[in-house]
Amino acid sequence: MAQSSATTWLVTGGNRGLGLEFVQNLLRDPSNVVITTARNPDQASTLQDLRSKLPQQLHILQLDVTDELSIPRFAKEAEGILGERGLDYLLNNAGVMKADTPLTFKAEDFLSTFKINVLGPALVLQALSPALEKGRRKVVVNVSSRLGSISAVGKVGRQYAATYSACKAAFNMVTVKTACEKPEFIVYALSPGHNKTDLGGSAAPLDPKETIPVLLKFIVASASEHSGKSWDYWGDKVQEYEW
Ligand SMILES: NC(=O)c1ccc[n+]([C@@H]2O[C@H](COP(=O)([O-])OP(=O)(O)OC[C@H]3O[C@@H](n4cnc5c(N)ncnc54)[C@H](OP(=O)(O)O)[C@@H]3O)[C@@H](O)[C@H]2O)c1
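Everything quoted here is computed from the prediction, not taken from an experiment.

Draft legend 1. The site of the ligand, seen in detail. Surrounding the ligand, one finds 28 residues, the nearest of these being Asn15, Arg16, Arg39, Tyr164 and Thr197. Backbone polar atom of Gly13 to an oxygen atom of the ligand: 3.1 Å apart, as the coordinates give it. Gly193 is positioned with one of its backbone polar atoms (N or O) 3.4 Å from an oxygen atom of the ligand. Relative to its unbound accessible surface of 890 Å², the ligand loses 96% to contact with the protein. Under a 2 Å grid-point criterion requiring more than half of the atoms, the pocket assigned to the ligand is the largest pocket.

Draft legend 2. Expanded view of the environment of Leu58. Mapped onto the elements of the fold, Leu58 is located in strand β3 (residues 58-62). When its relative accessible area of 0% is taken as the criterion, Leu58 is described as buried. Sequence spacing of Leu58 and Lys76 is 18 residues, and the spatial spacing of their C-alpha atoms is 17 Å. Not counting chain neighbours up to four residues away, the residues in contact with Leu58 comprise Val23, Leu27, Val34, Thr36, Leu47, Leu50 and Arg51.

Draft legend 3. Expanded view of the layout of surface pockets. Considered as a void within the structure, the largest pocket measures approximately 1200 Å³ in volume. Around the largest pocket, the lining is made up of 48 residues, and of these Leu18, Tyr164, Thr197, Leu199 and Gly200 lie nearest the centre. Elements with a contribution of two residues or more to the lining of the largest pocket: α1 (17-27), β2 (32-38), α5 (162-181) and β7 (230-234). Split by residue class, the lining of the largest pocket holds 19 nonpolar, 22 polar and seven charged.

Draft legend 4. Structural view of the packing of helix α4 (residues 107-134) against α5. Direction vectors running N to C along α4 and α5 enclose 20°, while the axes themselves pass 9 Å from each other. With respect to their mutual orientation, α4 and α5 come out roughly parallel. Helix-helix and strand crossings are classified by hand; for α4 and α5 the assignment is right-handed. Two secondary-structure elements touch here, α4 through Asp109, Phe110, Thr113, Phe114, Asn117, Val118, Pro121, Ala122 and Leu125 and α5 through Thr163, Tyr164, Ala166, Cys167, Ala170, Phe171, Val174 and Thr178. Of the residues contributing to the contact of α4 with α5, the split by class is twelve nonpolar, four polar and one charged.

Draft legend 5. View of α4. Counted at 1.5 Å a residue, the expected span for α4 with its 28 residues is 40 Å, and the 40 Å between its end C-alpha atoms agrees. Along α4, the sharpest change in direction is near 50° and occurs at Leu128; proline Pro130 comes one to four residues later.

Draft legend 6. The arrangement of the packing of aromatic side chains in detail. Inspection of the entire model under this criterion finds five aromatic pairs. Where Phe218 meets Trp231, the ring centres are 5.3 Å apart and the plane angle is 45°; that geometry is what we call tilted. Taken together, the residues Phe218 in helix α6 (residues 208-221) and Trp231 in strand β7 connect sequence positions 13 residues apart. Both residues of the pair, Phe218 and Trp231, count as buried. Taken together through their ring pairs, the aromatic side chains of Phe105, Phe110 and Phe114 make up a single cluster. It is Arg146 that lies over the ring of Trp234; its NZ or CZ is 3.8 Å from the centre. Above the plane of the ring of Tyr241 lies Arg146, whose end atom (NZ or CZ) is 5.1 Å from the centre.

Calculation rules
Residues numbered from 1 in each chain as written. Predicted model: local features only at pLDDT ≥ 70, side-chain atom pairs only at ≥ 80, totals over all residues. Heavy atoms only, no water. Near = heavy atom within 4 Å. Polar contact = N/O pair within 3.5 Å; in protein donor to acceptor, adjacent residues only side chain to side chain. Areas by Shrake-Rupley, 256 points an atom, 1.4 Å probe, with all protein chains shown as cover. 1 Å grid on protein atoms, 1.4 Å probe; cavity = no way out; pocket = protein on both sides within 12 Å on 5 of 7 lines; lining within 4 Å. Sits in = over half its atoms within 2 Å of the grid points. Helix = DSSP H or I, 4+ residues; strand = E, 2+ residues; numbered from the N terminus. Buried < 20%, exposed > 50% of the residue type's maximum accessible area, 1.4 Å probe, protein only. Contact = heavy atoms within 4.5 Å. Points joined across faces, edges and corners; volume = space filled by probe spheres on them. Nonpolar A, V, L, I, M, F, W, Y, C, P; charged D, E, K, R; others polar. Axes fitted to C-alpha atoms, helices over the stretch in contact; angles between N-to-C directions. Parallel < 35°, antiparallel > 145°, perpendicular 65-115°, else oblique. Left-handed = near helix turned anticlockwise from the far one by under 90°. Expected span 1.5 Å × (residues − 1). Bend = angle between axes of the 7 residues up to and from the residue. Phe/Tyr/Trp six-rings, centres within 6.5 Å; stacked < 30°, edge-to-face > 60°. Lys NZ or Arg CZ within 6 Å of the ring centre and 35° of its normal.

Everything listed here is a matter of coordinates, which is why it stays silent on function.
Next up, the structure:
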């Protein structure tokens, strides 16, 4: 169980990409206890290596956010690790993207992407809400994208990644509604910028090794005035942007 002096984190999708970079950065501070998730923990070799070196600090739980019935089981496992200490930070990071357009997407792809990017993280937040209530910080970071901003469509994206953009716009609304329902939580959307990952592609301008420390600095310092808003990594700093 996490000690009372620990700062507790849960990062979904820690197997690769931005999630793995979040986990690696967090583990550099020995006061952090990090729970992360992978769909197939046995195959998450980098996470397993880290776990073997830092068994008190890192916990890996199995989670497929589309498996609705397994989310309460996952939350119970997380609560078993957190105990009375509760959860300080939830990073709802897991997500997928398809390069489609409004006139080409397939219904089944739309629904499955929506399940991973909107319904899944919303259910994860519901299930972890009691642990967050017990936490000292109660911060929920819903990892979003500038592509989900309707006001930014003229600047980024246009017709590109229509399903993904619609998902992130919906996820933004879930974020605002959560902030309204839970004023004691600090809950906001955070767009990490266009990073080199499997999702972002190798031509992306940003390197997660540089982006994630800046995002974590923002997350750790975030306070109630950040809640219910949308934040974006832009030009090596984090700033508010219109939904
Ligand atoms: N990279 C960018 O440029 C960029 C820009 C804006 C926003 N974002 C957002 O940042 C977040 C992370 O993206 P990324 O670039 O790190 O992507 P990534 O490298 O493709 O990694 C995606 C992560 O999500 C997990 N995941 C996918 N489907 C899942 C499911 N059904 N259940 C549980 N976990 C699942 C993956 O787990 P497995 O390894 O098991 O597949 C993986 O850990 C996403 O929400 C994305 O929308 C990224």
